[in-house]
Amino acid sequence: MTLISDRLSKFKPSLTVKISQIAREMSLSGEKVISLSSGEPDFDTPTHIKRSAIDAINNGFTKYTQVDGIPELKEAIIEKFKDENGINYNLNQITVGVGGKHVIYNLFMSTLNKNDEVIIPAPYWVSYPDMVILSEGRPIIVETEMQNSFKINANQLERSIGDKTKWFILNSPGNPTGNVYEKDELYEISQILLKYPHVNILSDDIYEHIIYEKEFFNILNLEPKLYDRTFIVNGVSKVFSMTGWRIGYGAGNEEIIKSISKIQSQSTTNPCSISQVAAKHALKNEKIFLKDWLKKFEDRRDLLVNFFQSKKGLDPFIPSGAFYLYVSCKGYLGAFVNNQKIRSDIDFVQFLLQDAKVALVPGSAFGKSPFFRISYATSLEDLKEACQRIDNSLRKLNK
Ligand SMILES: Cc1ncc(COP(=O)(O)O)c(C=O)c1O
């Protein structure tokens, strides 16, 4: 009998977390690594939010709370959906978890039976397929192309729907490409979904506010008839730079919300009481810091786009949201360094980690090769230095 359960062999650990860890270890051993692999803004959590948490501690708000969130936070979430998205919910339709990741995990745990299918457009956020597998479901990966802005279209979606399809995942602005679905694209997708009442929609809106030039729409803004079948996930990690506070939330069908609460009651219990107060405060106050953050993100994006566009063999997709650049490295496949052949995006990323000391994530982690993802949630200075180092390293590759 083995000590570790068979369940563990069915899915992979998060490659993005692993690469960040390798980069951290290299830094600890004295190497000057620039890590552009992780998905968190480099900005500090705004002071007024931190202050609200300190007040919560001083006021003794340090005990267990309601399992799936305090009513005051749920009220703030309801207000957010009403004011920012024009979507109405009541208290029984809201759940709060330990980050958006936790909410999605609980959603799949509470709704998937063995071999139920989840349609996931690729490239995808690393955790979706593995969370589906962990919940005994089957990820149905639908590959998208850069020339279509890495978006699934209505035909592709319809072809991938079967009797066992339970969820379709829509993530816009998207990780890892930063693509944003337009109104008409969402409308077309919504009309396909209307034809298949057994398919539910997971709308992962976590990058809602990290958006440039374009406007954010949820699919419910285009087709309110999907209301009962749409589950929205969002959180405070990205928009308020609160990744470590671990608060995410979900909104949707009451039966699902109750099931998620049941799972939480036997696993995590409530998310951190102090973080809940901070999240409430974050949601209820104006996001005055956001304009400055978005300007910084845009400047960084432009710097990287210009750099990679100037490199023969590399081809960046220009993002309209999130803080990632997804770059094709097809032109470097087959290149040699020290008699070693670059065969894949993993080889390419490994070479840059060893030679340039720049940590990136290979596209294979997101189900679409040969690409790499570079996170620009890092200072402009570090990004300039990273570009310089990458440039030097690329010169060592014989194409
Ligand atoms: C697309 C997407 N969804 C959800 C999450 C979860 O974020 P968190 O668990 O920090 O709220 C992330 C984080 O990287 C993400 O990129």
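The structure this text deals with has already been given above.
Residues numbered from 1 in each chain as written. Predicted model: local features only at pLDDT ≥ 70, side-chain atom pairs only at ≥ 80, totals over all residues. Heavy atoms only, no water.

### Digging into the packing of helix H4 (residues 100-111) against helix H5 (residues 127-134)
Between H4 and H5, the shortest axis-to-axis distance is 9 Å and the interhelical angle comes to 35 degrees. Handedness of the crossing formed by H4 with H5: right-handed. Residues Lys101, Ile104, Tyr105, Phe108 and Met109 of H4 pack against Ser127, Tyr128, Met131, Val132 and Leu134 of H5. Across the contact of H4 with H5, the residue classes break down as eight nonpolar, one polar and one charged. (Axes fitted to C-alpha atoms, helices over the stretch in contact; angles between N-to-C directions. Helix = DSSP H or I, 4+ residues; strand = E, 2+ residues; numbered from the N terminus. Left-handed = near helix turned anticlockwise from the far one by under 90°. Contact = heavy atoms within 4.5 Å. Nonpolar A, V, L, I, M, F, W, Y, C, P; charged D, E, K, R; others polar.)

### Remarks on the pattern of salt bridges
Under the counting rule described, the total for this entry stands at 24 salt bridges. One salt bridge in this structure joins Lys396 and Asp355, with 2.9 Å as the shortest N-O distance. Placement of Lys396 in the segment after helix H13 (380-394) and of Asp355 in helix H12 (residues 345-355) is noted, with a sequence separation of 41 residues between them. Overall, the relative accessible area of 46% leaves Lys396 in the partly exposed class. Residue class for Asp355 comes out partly exposed when judged on its relative accessible area of 30%. Here the residues in one salt-bridge network are Lys80, Glu84, Glu208 and Lys287, joined through shared partners. (Salt bridge = Lys/Arg side-chain N within 4 Å of Asp/Glu carboxyl O. Buried < 20%, exposed > 50% of the residue type's maximum accessible area, 1.4 Å probe, protein only.)

### Quick notes on the layout of surface pockets
Its boundaries defined by the atoms lining it, the largest pocket holds a volume of some 840 Å³. The wall of the largest pocket is formed by 35 residues, among which Ser38, Gly39, Glu40, Lys238 and Thr243 lie closest to the centre. With five residues, helix H1 (residues 15-28) is the single largest residue contributor to the lining of the largest pocket. Among the residues making up the lining of the largest pocket, the classes are represented as eleven nonpolar, 16 polar and eight charged. Lining the lining of the largest pocket are residues from two domains, each supplying at least three of them: domain 1 (6-44 + 289-394) and domain 2 (47-284). The space that makes up the second largest pocket amounts to roughly 330 Å³. (1 Å grid on protein atoms, 1.4 Å probe; cavity = no way out; pocket = protein on both sides within 12 Å on 5 of 7 lines; lining within 4 Å. Points joined across faces, edges and corners; volume = space filled by probe spheres on them. Domains from an automatic or database assignment.)

Take it as geometry only, folks, not as evidence of what the structure does.
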